[in-house]
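# Coordinate inspection notes
Each chain, letter by letter, is given below.
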Amino acid sequence: MKLFHSIPSYSSNKPTIVTIGTFDGVHLGHKKILQQIIENATVQNCESLVLTFFPHPRMVLHEGTEMKQLNTLNEKISLLENLGIDNLVIHPFNKEFSRLTAEEFVKNVLVAAFKLNKIVIGYDHRFGRNRTANLDDLVEFGQQFGFEVQQISAEEINDVSISSTKIRSALEEGNITLANEYLGYHYCMTGLVLKGKQLGRTIGYPTANIKIDEDYKLIPQNGVYITESSIDNKIVYGMMNIGTRPTVDGTTQTIEVHFFDFNKDIYNTKITVSLLKRIRSEQKFDSLEALKNQLNLDKTLALDFVNNL
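What you see is a predicted model; the values in this text were computed from it and never measured. (Residues numbered from 1 in each chain as written. Predicted model: local features only at pLDDT ≥ 70, side-chain atom pairs only at ≥ 80, totals over all residues. Heavy atoms only, no water.)

## Section: unusual backbone geometry
Filter applied, for reference: To qualify as a helix, a DSSP run of H or I must reach at least 4 residues; to qualify as a strand, a run of E must reach at least 2; elements of each kind are numbered from the N terminus.
Across the junction of Phe54 and Pro55, the peptide omega takes the value 0°, indicating a cis bond. Here Pro55 lies in the loop between strand S3 (47-54) and helix H2 (57-61). The phi dihedral of Asp249 falls on the positive side, at around 60°, and the residue is not glycine. Looking at the element boundaries, Asp249 is found in the loop between strand S10 (234-243) and strand S11 (254-259). Its identity is not glycine, yet Asn268 carries a phi of approximately 65°, on the positive side. Along the chain, the position of Asn268 falls in the loop between S11 and strand S12 (270-280).

As structure tokens, this is what we get:
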């Protein structure tokens, strides 16, 4: 996949099959659209192209809005590449860009920059300044500038009945099973392993403290989760606690993973942790001994789950 960090930096002589969107989560609903542009590109001897934006347009147009996202930019790039997209254009979204009229956007971007042969969009797609243009406008532009428009119908999208909003809600409620089902893969978080207070070692449960740099990344509801990671090309399972560690009077949220059958030094290593299942809510225990007893129960449950995968 060729990656371009702005529309002007894109360069290719081949005509394109394009789709446009934020694609947060690259979930099963998104994949319906993305597979369409890949199939069309193959049949019509074109290249598939995804145009997306960073930061999320809503964060720019509604300043002060805190909007947590399912993917970091790097995660989104990786997911799109794995699907087989030919070109990914990530354009910096700002207020100046948002003021382009629908015709300016179609003429100067889609047609002139991308050599558009066909655009594939969802039934409710809106574009241009103040999002005033719709599918009918796009069809008219297609007739004017010589490109096709393919609509993914409401029936096709609703058939999957998935949205990024629904997935965010599931994660915020701790329903990782439903979120994973909608995504079509396990929700994951990537961060640097830092040294913590090493209290886990004192009760036989050393943990890797994960620091996620991207403050816009959605962290699921506090609790204990069964996890899977790939470390040195080996699958390692474990259990993760997201929370404030109330048993030791913690106040700030931490993300800590205890890996099973693993004792390598991975400090200052960037790792990705996939969340498989939620075991329970975070609790405050009367003592470290009581916490240890609960962790023993959690581990037994987690290992039983992993052994049945």
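## Remarks on the side chain of Glu47
To be explicit about the condition: Accessible area is worked out with a 1.4 Å probe on protein chains only. A residue is then buried under 20% of its type maximum, exposed over 50%, and partly exposed in between. Polar contact is defined as a pair of N or O atoms within 3.5 Å, subject to the rule that within protein one atom must be able to donate a hydrogen and the other to accept it, and that residues adjacent in sequence are counted only when both atoms are side-chain atoms.
Topologically, Glu47 is positioned in strand S3. Owing to a relative accessible area of 12%, Glu47 belongs among the buried residues under this scheme. In terms of polar contacts, Glu47 uses its side chain to reach the side chain of Lys2, at 3.5 Å.

## Quick notes on the pairing of strand S4 (residues 87-92)
What counts is decided by this rule: When DSSP finds two or more bridges between a pair of strands, those strands are recorded as paired.
By the criterion of burial, S4 is predominantly enclosed, with 5 of the 6 residues buried. The pairing of strand S1 (residues 2-4) with S4 spans 3 bridges and is classified as parallel. The partner of Leu3 across the bridge, within S4, is Leu88.

## A look at the sheet that holds strand S5 (residues 116-122)
The pairing of strands in a sheet happens through backbone hydrogen bonds and is either parallel or antiparallel. To be explicit about the condition: Note on geometry: axes are C-alpha line fits, over the in-contact stretch for helices, and angles between N-to-C directions span 0 to 180 degrees. For this analysis, residues touch if any pair of their heavy atoms sits within 4.5 Å.
With parallel pairing, 6 strands are arranged side by side in an open sheet as S1-S4-S3-S2-S5-S6. Edge strands, defined here as strands with exactly one partner in the open sheet, are S1 and strand S6 (148-152). Put simply, the sheet's adjacent strands are angled 20° from each other on average, direction ignored. Lying over the sheet, helix H3 (residues 73-83) contacts S1, S3 and S4, oriented at roughly 155° with respect to S4. Most of the contacts of helix H6 (residues 135-145) go to S6, to which it runs at about 155°, and overall it touches S5 and S6.

## Some details on the sheet that holds strand S8 (residues 208-211)
Reading around the circumference, S7-S8-S11-S10-S9-S12 is the order of the 6 strands in this closed barrel, with antiparallel pairing throughout. With direction set aside, neighbouring strand axes in the sheet form an average angle of 45°. Sheet topology note: the strand S9 (residues 223-231)/S10 ladder contains 9 bridges and is antiparallel. Paired with Ser230 across the two strands is Ile235, which belongs to S10. Its contacts with the sheet place helix H9 (residues 176-183) against S9 and S12, and it is angled at close to 125° to S12. Lying on the sheet, helix H11 (residues 288-307) is in contact with S9, S10, S11 and S12; it crosses S12 at an angle near 100°.

## A few points about the packing of aromatic side chains
This is how the line gets drawn: Think of it this way: a Phe, Tyr or Trp ring, Trp meaning its six-membered ring, pairs with another when their centres are within 6.5 Å, and the plane angle makes it stacked under 30 degrees, edge-to-face over 60, tilted otherwise.
Applying the stated criterion across every chain, the model contains 10 aromatic pairs. Between Phe97 and Phe105, the aromatic rings sit 6.2 Å apart at their centres with planes inclined by 90°, giving edge-to-face as the arrangement. Under the relative-accessibility criterion, Phe97 is labelled buried at 13%. For Phe105, a relative accessible area of 7% gives the class buried. Among the aromatic side chains, those forming a connected cluster through ring pairs are Phe53, Phe93, Phe97, Phe105 and Phe127.

## Some points on the pairing of strand S2 (residues 16-20)
Rules: Viewed with both strands pointing away, a crossover whose connecting path from the first strand over the helix to the second turns clockwise is right-handed.
With 5 of its 5 residues buried, S2 lies for the most part within the structure. Burial along S2 is two-sided: Thr16, Val18 and Ile20 facing one way and Ile17 and Thr19 facing the other are all buried. With 5 bridges connecting them, S2 and S3 associate as parallel partners. Looking at the pairing, Val18 lines up with Leu49 of S3. Running through helix H1 (residues 28-44), the crossover from S2 to the neighbouring parallel element S3 is right-handed.

## Side note on H9
For an α-helix, 3.6 residues make a turn, and residues three or four places apart therefore share a direction. Convention followed: By definition, the arc is the one covered by directions from the helix axis to the C-beta atoms.
Among the residues of H9, Ile176, Ala179, Asn180, Tyr182 and Leu183 are the ones counted as buried. Buried residues of H9 fall within an arc of 160° about the axis and therefore sit on the same side. On its buried face, H9 sits against H1, helix H8 (164-172), S9 and S12. Just beyond H9, the residue with positive phi is Gly184, at close to 85°.

## Looking at a nonpolar patch on the surface
Quick note on the threshold: Surface patches are drawn from residues lacking salt bridges whose relative accessible area is over 30%; two like charges belong together within 9 Å, two nonpolar side chains (Val, Leu, Ile, Met, Phe, Trp, Tyr) within 5 Å. The Shrake-Rupley method, run with a 1.4 Å probe sphere, supplies the accessible areas, and residue values consider only the shown protein chains as cover. Here a salt bridge means any side-chain nitrogen of Lys or Arg lying within 4 Å of a carboxyl oxygen belonging to Asp or Glu.
Residues Leu199, Val248 and Leu288 make up a contiguous nonpolar surface patch of roughly 200 Å² in combined accessible area. Inspection of the secondary structure assignment puts Leu288 in helix H11.

## Side note on the side chain of Lys118
Relative to the helices and strands, Lys118 is located in strand S5. By relative accessible area, which is 9% here, Lys118 ends up buried. Within the local environment of Lys118, its side chain forms a polar contact with the side chain of Asn40, the two groups lying 2.7 Å apart. In this structure Lys118 touches Thr16, Ile17, Val18, Asn40, Gln44, Phe147, Glu148 and Gln150, once residues within four positions along its chain are discounted.

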